[in-house]
Amino acid sequence: MKPHVIAGLDIGSHSLKMVVAQKKEENGDIEILGVAQEPSSGVRRGAVVNGEELALKVLSLKQRVENLAAKKANRAVVNIGGSHITSITSHGIVAVSRADHQISPEDVERVIGAAQTFSLPSNKEILEAFPQQFSVDGEQGVKEPTGMKGVRLEADVIAVCAFSPYVKSLTDAVLSCDIEIEDIVPSPLSCSFSVLTSQQKELGVALLDFGAQTTNLAVFEEGELVHLAVFPVGSESITNDIAIGLRTEHDLAERIKKEFGTLGASRGKRQEKIDNPDGSLFTFPSKLLFHIVEARTKEIFQFVAKELKSIEKGGKLPAGVVLAGGGAKLPRLDEFAKKELKLPSRLGTPQGISTFETDPVFLGAMGLAMKGLEGLPRRTSVEESEILRKIKKLFKVFIP
Ligand SMILES: Nc1ncnc2c1ncn2[C@@H]1O[C@H](COP(=O)(O)OP(=O)(O)OP(=O)(O)O)[C@@H](O)[C@H]1O
Ligand SMILES: [Mg+2]
């Protein structure tokens, strides 16, 4: 039987990543067929600000990954990033419709819909609603109400909202590359499908995707998403600080960060040396570099700590923090996170997928592909497509 193939397309501020993955029908195993990366364009702090520039890059990335995977990459799950992504908790209530008071899947759908009927500015829309818990006749903490008996069904949901013009720029750019959008995933969740185990999500875990211009946080508890946030700072802020602090060009500062940047201890040497593009040597004090890197990373972690505190999860997530994204390659970041967030911390690795690729930069694209393969068996042409449903949801008018 033919295996199912899908692409994960991670639109980042620094680079675009694409992963083609397949699910084998025989055993359900997911394997990676091709992985490629392309410098980004038209994306600022996670948001698509120039769709035409982005489309050119996506097209070239698509062609490369198709050659590597020897498969077409014309169905993809895509992320949407930027600090315009926000989450709102809301509540819905409906009367159970059946005469015998047994809760049907339609009642559950209605109550989740009811929880989304709150007013939003006209240029904002709900991307997705994640139910946290239901209550049946006032009995709280119900996870699966279908089949239970009751009169009143209530739901608490987290609605993830986005700025509509950015959603449109993103979808237009991707669709113009002859890529069918299977699903749109808020960036903080991209890596959750590739690195988090169901046990971690059950216990309570924070996922931190340390990107170039954004840092994405997603918190899970009792198996469900409980919070997400996007901070408009990332590893590139460290590069910019190095450029200013050491008075170097941006590209040299980026090389210095990758080669010498570390946390927790300076390398001991007083001076470090690196080649300038013109062949001359650039010398800088290692202690100064260490202080610059530490100060900015600390600032970013303080935002995260404050956010966790605001949802009363500061130091209270038993499965700790899992780190992903290119910024997570900074040596000793896991130890630093442990100290700053007072939580066990580790670097994320691919879970439930067979792959040769372990670079944390690709965890987002891998997660998106895994999300696409999760909902199989594949729809038939007569069924309503996921994207059609998504588009309907995106343009739904919410009346106060
Ligand atoms: N070895 C390294 N040490 C420190 N930082 C690194 C290293 N390798 C890559 N980075 C940084 O990782 C960042 C790129 O990560 P990533 O690809 O996850 O970002 P992005 O997805 O493009 O951006 P965003 O998610 O913010 O939109 C760059 O800022 C880069 O400098
Ligand atoms: Mg990213």
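The structure under discussion appears in the preceding block.
Thresholds applied
- Residues numbered from 1 in each chain as written.
- Chains lettered and ligands numbered in written order.
- Predicted model: local features only at pLDDT ≥ 70, side-chain atom pairs only at ≥ 80, totals over all residues.
- Heavy atoms only, no water.
- Pairing = 2+ DSSP bridges.
- Helix = DSSP H or I, 4+ residues; strand = E, 2+ residues; numbered from the N terminus.
- Axes fitted to C-alpha atoms, helices over the stretch in contact; angles between N-to-C directions.
- Near = heavy atom within 4 Å.
- Polar contact = N/O pair within 3.5 Å; in protein donor to acceptor, adjacent residues only side chain to side chain.
- Areas by Shrake-Rupley, 256 points an atom, 1.4 Å probe, with all protein chains shown as cover.
- 1 Å grid on protein atoms, 1.4 Å probe; cavity = no way out; pocket = protein on both sides within 12 Å on 5 of 7 lines; lining within 4 Å.
- Sits in = over half its atoms within 2 Å of the grid points.
- Salt bridge = Lys/Arg side-chain N within 4 Å of Asp/Glu carboxyl O.
- Buried < 20%, exposed > 50% of the residue type's maximum accessible area, 1.4 Å probe, protein only.
- Parallel < 35°, antiparallel > 145°, perpendicular 65-115°, else oblique.
- Left-handed = near helix turned anticlockwise from the far one by under 90°.
- Contact = heavy atoms within 4.5 Å.
- Phe/Tyr/Trp six-rings, centres within 6.5 Å; stacked < 30°, edge-to-face > 60°.
- Lys NZ or Arg CZ within 6 Å of the ring centre and 35° of its normal.

Asker: Please clarify how the sheet that holds strand β1 (residues 4-11) should be interpreted in this entry.
Answerer: Backbone-to-backbone hydrogen bonds join strands into a sheet, with any given pair of strands oriented parallel or antiparallel. In space, the five strands of this open sheet follow the order β3-β2-β1-β6-β11, with mixed pairing throughout. The two strands at the open ends of the sheet, each matched to only one other strand, are β3 (30-39) and β11 (180-186). Taken over all neighbouring pairs, the strand axes of this sheet differ in orientation by 20 degrees on average, direction set aside. Alignment of β1 against strand β6 (residues 75-80), held across three bridges, turns out to be parallel.

Asker: What's the story with the site of ligand 1 in this structure? I'm lost.
Answerer: The immediate surroundings of ligand 1 are formed by 19 residues, with Ser 13, Lys 17, Thr 214, Glu 254 and Lys 257 found nearest. Within the backbone of Ser 15, a nitrogen or oxygen atom sits 3.0 Å from an oxygen atom of ligand 1. Between an oxygen atom of ligand 1 and a main-chain N or O atom of Gly 327, the distance comes to 3.2 Å. Here ligand 1 loses 92% of its free accessible area of 660 Å² to cover by the protein chains. Judged by its atoms lying within 2 Å of the grid points, ligand 1 is housed in the second largest pocket. Where the shell around ligand 1 is concerned, the elements lending two or more residues are β2 (15-23), α7 (235-245) and α8 (250-260).

Asker: What exactly am I supposed to notice about the pattern of salt bridges here?
Answerer: If charged atoms from side chains of opposite charge come close, those side chains can pair. In this structure the tally under the stated criterion is 18 salt bridges. Residues Glu 221 and Lys 313 are paired through a salt bridge, measuring 3.1 Å at the closest nitrogen-oxygen approach. You can see Glu 221 sitting in strand β13 (residues 215-221) and its partner Lys 313 sitting in the loop between α9 (286-310) and β17 (321-324), a full 92 residues away along the chain. On the basis of relative accessible area, Lys 313 is assigned to the buried category, the value being 16%.

Asker: Would you mind showing me how to read the sheet that holds β13 here?
Answerer: In space, the five strands of this open sheet follow the order β14-β13-β12-β17-β18, with mixed pairing throughout. In this open sheet, the two strands that pair with only one neighbour each are β14 (224-231) and β18 (345-347). Across the sheet, the mean angle separating the axes of adjacent strands is 20 degrees when strand polarity is ignored. Here four bridges tie strand β12 (residues 205-210) to β17, and the two strands are oriented parallel to one another.

Asker: Help me understand the packing of α9 against helix α10 (residues 333-341) in this model?
Answerer: Describing two packed helices takes the angle between their axes plus the distance from one axis to the other. Across the interface, α9 lies against α10 with an axial gap of 10 Å and an inter-helix angle of 50 degrees. In terms of orientation, α9 and α10 fall into the oblique class. Handedness of the crossing formed by α9 with α10: right-handed. Here Glu 294, Thr 297, Lys 298, Phe 301, Val 304 and Ala 305 of α9 lie close against α10, whose contacting residues are Leu 333, Phe 336, Ala 337, Glu 340 and Leu 341.

Asker: Whenever I open this one, the packing of aromatic side chains confuses me. Can you help?
Answerer: The geometry of two aromatic rings is summed up by the distance between their centres and the angle between their planes. One pass over the structure, following the stated rule, counts six aromatic pairs. Between Phe 163 and Tyr 166, the aromatic rings sit 5.1 Å apart at their centres with planes inclined by 70 degrees, giving edge-to-face as the arrangement. Residue classification places Tyr 166 among the partly exposed residues on the basis of a relative accessible area of 26%. Note on Phe 231 and Phe 303: the rings are 6.2 Å apart at their centroids and 15 degrees apart in plane angle, and the pair reads as stacked. Within this pair, whereas Phe 231 is found in strand β14, its partner Phe 303 is found in helix α9, the two being separated by 72 residues in sequence. With relative accessibility at 34%, the residue Phe 303 sits in the partly exposed group. Chaining the aromatic ring pairs together yields one cluster made of Phe 210, Phe 301 and Phe 336. When the ring centre of Phe 220 is taken as reference, the NZ or CZ atom of Lys 201 above it lies at 5.4 Å.

Remember that the coordinates give geometry; whether it matters functionally is a separate question.
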